[in-house]
Amino acid sequence: MTAFILRRLGGLVFVIFGVSLLTFFLAQLVPADPVAAALGSNARDAQIEAYRLQLGLDQPVAVQYGIYMSRLVRGDLGNSIRTRRAVIDDLRDYLPATIELTMAAMIVTILLGIPLGIIAALNRNTWIDAGARILALIGGAMPIFYVGLVLLGVFYRQLQWLPGPGRLDSTVPPPAHITGLYTVDALLTGNWPVLANASAHLVLPAITLGLFSTAVLLRMTRSSMLEMLGQDYVRTAKAKGLSERLVIGRHVFKNALPPILTIIGILFGSLLSGAVLTETIFNWPGIGRYATTSVTTLDYPAVMGVALVAAVIYPLVNTLVDIGYSVIDPRVRAN
Amino acid sequence: MLRRFAKEKTAVFGLAVIVFFALVAVFAPLLTPYDPLAQDIPNGLAPPSAEHWLGTDKLGRDIFSRMLYGARISLGAGLGVVLMAGLVGTSVGIVAGYVGGWLDEALMRITDIFFAFPSLILAMAIAGALGPSLQNALIAVSVVTWPVYARLIRGQVIVLRDREFVQAARAVGVGHTQILFRHLFPNTLSPLLVQASFEMGTVILAVAGLSFIGFGAQPPIPEWGVMISEGRNYITTHWWLTFFPAMAMLFAVAGFNLVGDGLRDVLDPRLRR
Amino acid sequence: MTQKRSSTLWRWTALLVLVAMVLSACAAPAAAPSAPAAGGEEAAAPAGDEITRDNTLVFAADMTDIITLDPAVAYEFGGILPVGNMYETLASFDPGNPEIVPLLAESWDIADAGDMWTMTFKLNPAATFSSGNPVTADDVVFSWNRAMEINKSPAWLLIDVCQMTKETIVAVDAGTVELKIPKAVSPNVCLAVLTFTVAAVVEQAALEPNMGDDMGESWLNDNSVGSGPYVLNGWERSSTVTLDANPAYWGGTAPAMKRVILQNMPESANRQAAIETGDADIVQELGPEQAAALEGNPDVSLVKGLSTLLAYASVNATMPPFDNADARQALRYAINYDNIITLLGGNGELVQEIIPIGFAGHVGNNPFTQDLEKAKELFANAGVTEGAVIPFTVATGTGPGGVDWATIAASIQADLAQIGITLDIQLLQQSELLTKYRAQELPMLLMNWGPDYTDPDANGTPFANYEANSLAWRNSWNDPQAIELSKQAAVELDPATRIELYAQLVEYMQNNGPFAMLYQPSRVYALRNNVQGFIYDPGDTPNVSFALISK
């Protein structure tokens, strides 16, 4: 068991190293001069030169990578050219918003995807099944940036049932900073009005972001359930007179679960991708929007930081899913 | 096999949708009433009418014509990326699976690195670094998606290379190249086709997403994502600017997904969903 | 050393915390609520009135560009707005009036000191910082020296335009500041520069203990040490800047709005919805269609104000075909200005000269209308034939007036297509475009220019004077006559003669310059109906004074 975990974590370290190399390489591709861009149209040559030296851009590429790596092991992601702050400080400000949104979308995904998938499977080839499959089809094919625009237009602007873009109403001050996830912090400090406001603000973006993964999870749950329902032992159990509910609860769903868990880990990545678009539309101050602005302004230290953190989180989550999975099911370790 | 596919009603529907879009893409110049770039500024933002079936945009360009030309770009983009990424990914997968050993290990670790990134973030970083354009967006999406094929094909090849017919071929002295191209590659085609069909939908969405945030196709190209992006500020006042390109995307992507489902059911009954 | 180690440790902890948050998912009370992570929240509501929705102003705008709240560094619209409401300068433009009036200085005097001008400022003895301490001459000297030493984007205004140095600023006594500037600098221009936030006065005693190793630049992002009507409550990076009324404001009554929340809202459709729902009290910048949609809304009123920006197409005067004056003139005749104004839908005025409406020296003569025959003829004279292809570089995103740059460019592209000339539009991010522009690499482009201070020289010199390394230089247009005229006009002290000189310059530029001046965009604000006292003054810093607003 320990060996398995160590092997997975070792692989993770290698991946992080590779990721750092790849992001660094990307930054070298940028054709324009980020320094001139950062200093604006009135910067004088001396200012530009000074800033360039300060960023170490006069060094050969290999040296720059060395400097970058040596800083990285010390937990220093460098400084953003645009915001002129440590990238890690920026990420500390923006990452919680993304995590909160992603988690909310994951909750939407699980609460909708799994039950609908089970119901569809149990009612195979009925109109219920057809409805669920159409939902999955649309959810998997709809451009989420359009979905977000429409949801805002309908539920915020027209009906005014739900609050608009942003994490909180402008007039609601954020809760005391503990984790940076507003709902969690409000819960921990017992700040109910903020909890209500933050939760309401999460609804539309979470649905927008979760739509695609809901579609995937629904399909996966449905097919996994169908496969199990077709197995001999289920028929045997039913024949033995066990109630349908018990059979489904105890045998079918439990055995259908592993592939569902795996897909949830994988879906996490698609949520992080989708967050880029969702955050743009919902004015959500997360790393997706930070990344977009950073790419737009060619602020590659910041882009590298976001990419690095995203590329650490995603495999880390998957590694944990795998490890958790191997605890449940020892056969996995053999592979 | 075709007959079995024909039995999958939804897949046939998907195929019909794709064929429809493909025909539209090919014959766009004959079908469109207007040049997709022709402006008529005084007649901008006109609602759907007999003259302009789907209305006009800010510059008075005909949305119907732009949408048809958009099919060219989106389908072309999907095809281009799937071919590019498929070619690279398949080659890497075959080599890794067939040669095995440290090379396999090294190549797979490289795919791990690419898999570590949430795809759109990496694609955005690449497209931004290369400079925003449709071509660079296609390169970016290809770079992000090739490992999918590499892993898939490698898995297939590993299963196949120990099969009797490959062992037999090797035993009688058939060269590696021949084994690869005669025996292994053809047997990977079915899963490749299934994957490619799903990827078409994914790529269309990804390219449109990149275009939407400004890192893909650039105006005035009538790409669907660009059209939605250009129309986003008018969504409350002039809904037709965004609605029609969004629907076009929905149908095209759903079409490819349905065909993918059908192909998988037919070609790979083990994975039947 | 210890400090360094601990900071490394902190960074790692932070990184781990980031990751841990992912793992602990949503419901993880394990993270004990004891750690006050980010700098302690100040319960900042000033004494006196309680903060309610009624005395809070929510102002939504695209403030993506904000990077600092330090007056010595701020040079972006998003940053200048809050900074200008927290800090004050010696003199200021009266909101709504193009006249310089006293602020921290109650009077000033400009004297001829032989080879220099001497500007003497008498400080208002009543002026105090939000701490209650008086504003002294030492604070002024400290603030200007600090801005020059930090030497960030806006510092050139002091260093180059006013030609200030450490030695030329002197605190004569606690209430008197003396500034000496060379004769080549117009004292009026320098005075206009001194109304900009870079010359704002910070409280030395409050800032000095917190300067750290960056002269207090980062500390000022979370704290304010000004004398203005508002103080900083907090800045949630990338979402809101919250200002609270300065209860001890020295300049008259305390502001009616006890709290001002500047909400960053980059999508203009979101801003439209925010004003419709009442989530925001004021939104800044709407597109023409959004403005039109709000026109019938009984809860909302619109304030449309001309900005001081000028949008133009320019060409490089050393690259064919525009190395020929006829070709440049042909371009001006080829453009359909009516179409551009239609696209702007009322969010802009046709302006075909280099001095904007509202500035002394603005002529108001628009000599060009589309004349394709004439354009064709002029192009033919210049040897440009049908089928020519010219790269046309354009910024991505929305331009001033709320219309995408690419849309304006496409309309010009269609104009030239009518006479057989192809403009090959290349979209670049604005920063990248500016980099190439500064390197004189662009044959043709679409851009806008905003004057850095309210004086015609802020446009005359950059547009006309090649030696100033600005717009004329970027377009490689080295024209001795234009240079001479712009220099003369800059230092001319007689107002009437000065206006005459600018009129000459404007006309000369219209027919010879590398620019096709297009329009002066408007900025559209939408206000909830209960908002009173709102003034948008593009020539003033800040453009909007929150202290004047009530509900």
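What counts, and at which threshold
- Residues numbered from 1 in each chain as written.
- Chains lettered and ligands numbered in written order.
- Predicted model: local features only at pLDDT ≥ 70, side-chain atom pairs only at ≥ 80, totals over all residues.
- Helix = DSSP H or I, 4+ residues; strand = E, 2+ residues; numbered from the N terminus.
- Rg over C-alpha atoms; globule rule 2.2 N^0.38 Å.
- Buried ≥ 20, exposed ≤ 12 C-beta atoms within 10 Å, placed from the backbone.
- Contact = placed C-beta atoms within 7 Å.
- Domains from an automatic or database assignment.
- Nonpolar A, V, L, I, M, F, W, Y, C, P; charged D, E, K, R; others polar.
- Core = buried A, V, L, I, M, F, W, Y, C linked by C-beta atoms within 7 Å.
- Pairing = 2+ DSSP bridges.
- Axes fitted to C-alpha atoms, helices over the stretch in contact; angles between N-to-C directions.
- pLDDT = per-residue confidence, 0-100.
- Expected span 1.5 Å × (residues − 1).
- Parallel < 35°, antiparallel > 145°, perpendicular 65-115°, else oblique.
- Left-handed = near helix turned anticlockwise from the far one by under 90°.

S.K.: Before we go on, may I ask you to explain the overall build of chain C in this structure?
M.R.: Counting secondary structure elements, chain C contains 17 helices and 18 strands. Computed over its C-alpha atoms, the radius of gyration of chain C comes to 25 Å, within 12% of the 24 Å expected for a compact globule of 551 residues. Based on the C-alpha atoms only, the size of chain C along its principal axes is roughly 75 × 65 × 55 Å. Counting over 551 residues, chain C shows a buried share of 52%. The contacts in chain C between residues at least 6 apart in sequence include a share of 68% that link residues at least 24 apart.

S.K.: Is there a simple way to explain the domain arrangement of chain A in this structure?
M.R.: For chain A, the assigned domains are domain 1 (32-76) and domain 2 (89-334). A separation of 38 Å is found between the C-alpha centroids of domain 1 of chain A and domain 2 of chain A.

S.K.: Is there a simple way to think about the interface of chain A and chain B in this case?
M.R.: Accessible area lost upon the coming together of the parts serves often as the stated size of an interface. Taken together, the contact between chain A and chain B spans 40 residues of the former and 37 residues of the latter. The set of elements that each furnish at least two residues to the side of chain A that touches chain B consists of helix H1 (2-29), helix H6 (127-141), helix H7 (144-158), helix H9 (192-229), helix H11 (244-281), helix H12 (287-296) and helix H13 (300-328) of chain A. Top element by residues in the side of chain A that touches chain B is H1(A). It accounts for eight residues. Taken together, the residues of the side of chain A that touches chain B sort by class into 28 nonpolar, 10 polar and two charged.

S.K.: How do you make sense of the domain arrangement of chain C when you look at a structure like this?
M.R.: Once the domains are mapped, chain C shows domain 1 (5-77 + 219-305 + 523-548), domain 2 (91-205) and domain 3 (310-522). Counting from both sides, the interface comprises 20 residues of domain 1 of chain C and, opposite them, 27 residues of domain 2 of chain C.

S.K.: Even after reading the chapter, I still don't get the nonpolar core, so can you show me in this structure?
M.R.: Note that soluble globular proteins tend to have their nonpolar side chains buried in a common cluster. Ranked by size, the top nonpolar core spans 351 residues in total, and within it A:Ala307, B:Ile121, B:Ala123 and B:Met124 carry the most contacts. For this core, the element with the most residues is helix H5 (residues 87-122) of chain A, which contributes 19 residues. The contacts of B:Met124, once residues within four sequence positions are left out, are A:Val276, A:Ala291, A:Thr292, A:Val295, B:Leu210 and B:Phe215.

S.K.: Looking at this structure, I do not really get the sheet that holds strand S5 (residues 116-123) of chain C. What am I missing?
M.R.: Whenever strands of a sheet pair, they do so through backbone hydrogen bonds, lying parallel or antiparallel. All names here are of chain C. On the basis of which strands lie adjacent, the open sheet formed by four strands has the order S4-S5-S7-S6 and antiparallel pairing. Among the strands making up the open sheet, the edge pair consists of strand S4 (105-113) and strand S6 (169-173). Direction aside, neighbouring strands of the sheet carry axes that sit 25° apart on average. Inspection of the sheet shows S5 paired to strand S7 (residues 176-182) by seven bridges, in the antiparallel sense.

S.K.: Would you explain the environment of C:Leu294 in this entry?
M.R.: Residue and element names in this part refer to chain C. Among the secondary structure elements, Leu-294 is positioned in helix H8 (residues 288-295). Residue Leu-294 is classed as buried on the basis of its 20 C-beta neighbours within 10 Å. Dropping the residues within four chain positions of it, Leu-294 is found in contact with Gln-272, Ile-275, Val-300, Leu-302 and Ala-526.

S.K.: What is the right way to look at the pairing of S5(C) in this model?
M.R.: When a strand is regular, its side chains alternate between the sheet's two faces. Residue and element names in this part refer to chain C. As defined by bridge partners, S4 adjoins S5 across eight bridges and the pair is classed as antiparallel. Pairing of Ala-113 across the sheet is with Met-116, part of S5. Counting the residues that bridge the hairpin from S4 to S5 gives two residues, and of these Gly-114 lies at a positive phi of roughly 75°.

S.K.: Can you walk me through the pairing of strand S17 (residues 444-449) of chain C in this structure?
M.R.: Residues and elements named next belong to chain C. With five of six residues buried, S17 is to be regarded as a mostly interior element. In terms of strand pairing, strand S13 (residues 310-315) meets S17 through six bridges, oriented antiparallel. Within S17, the residue paired with Val-315 across the bridge is Met-444. Sheet analysis places strand S15 (residues 389-395) next to S17, joined by two bridges and oriented parallel. If you follow Val-394 over to S17, its bridge partner there is Leu-446.

S.K.: Would you mind showing me how to read the confidence of the model for chain C here?
M.R.: Close inspection of predicted coordinates is inappropriate in any region flagged by low pLDDT. Residue and element names in this part refer to chain C. Taken residue by residue, chain C gives an average pLDDT of 88. The fraction at 70 or more is 91%. Under a pLDDT of 50 for its full length, residues 1-7 has, in the predicted model, zero contacts with residues more than four places off or in other chains. Low pLDDT, under 50, characterises residues 12-47; the predicted model gives this stretch 45 contacts beyond four residues in sequence or across chains. At the level of chain-chain contacts, confidence expressed as ipTM amounts to 0.91, with global pTM at 0.88.

S.K.: Would you take a moment to explain H1(A) for this structure?
M.R.: Because each turn of an α-helix spans 3.6 residues, side chains separated by three or four positions in sequence point in the same direction. Given a rise of 1.5 Å per residue, 28 residues ought to cover 40 Å, and the 41 Å separating the end C-alpha atoms of H1(A) matches this to within 8%. Residues of H1(A) that are buried include every one of A:Val15, A:Val19, A:Ser20, A:Leu22, A:Thr23, A:Leu26 and A:Ala27, and no others.

S.K.: Honestly, the packing of helix H3 (residues 63-99) of chain B against helix H8 (residues 176-212) of chain B in this entry has me stumped. Any pointers?
M.R.: For any two helices packed against each other, one specifies the inter-axial angle together with the distance between the axes. Residue and element names in this part refer to chain B. Two elements in contact, H3 and H8, have axes whose closest approach is 8 Å; the angle formed by their N-to-C orientations is 140°. For the element pair H3 / H8, the angle class is oblique. Classified by chirality, the crossing of H8 by H3 is right-handed. Of the residues in H8, those in contact with Ser-74, Ala-77, Gly-78, Val-81, Val-82, Gly-86, Thr-90, Ile-94 and Tyr-98 of H3 are Leu-180, Leu-184, Phe-185, Leu-192, Ala-196, Glu-199, Met-200, Val-203, Ile-204 and Val-207. For the contact of H3 with H8, a count of residues per class yields 14 nonpolar, four polar and one charged.

S.K.: Would you mind going over helix H5 (residues 119-130) of chain B with me for this structure?
M.R.: All names here are of chain B. Look at H5: 16 Å from first C-alpha to last across 12 residues, which is about the 16 Å you get at 1.5 Å a residue. Burial analysis of H5 places 11 of its 12 residues in the buried class, which makes it a mostly covered element. For H5, the full list of buried residues reads Ser-119, Leu-120, Ile-121, Leu-122, Ala-123, Met-124, Ala-125, Ile-126, Ala-127, Gly-128 and Ala-129. Directly beyond the C-terminal end of H5, a positive phi value near 100° is found at Gly-131.

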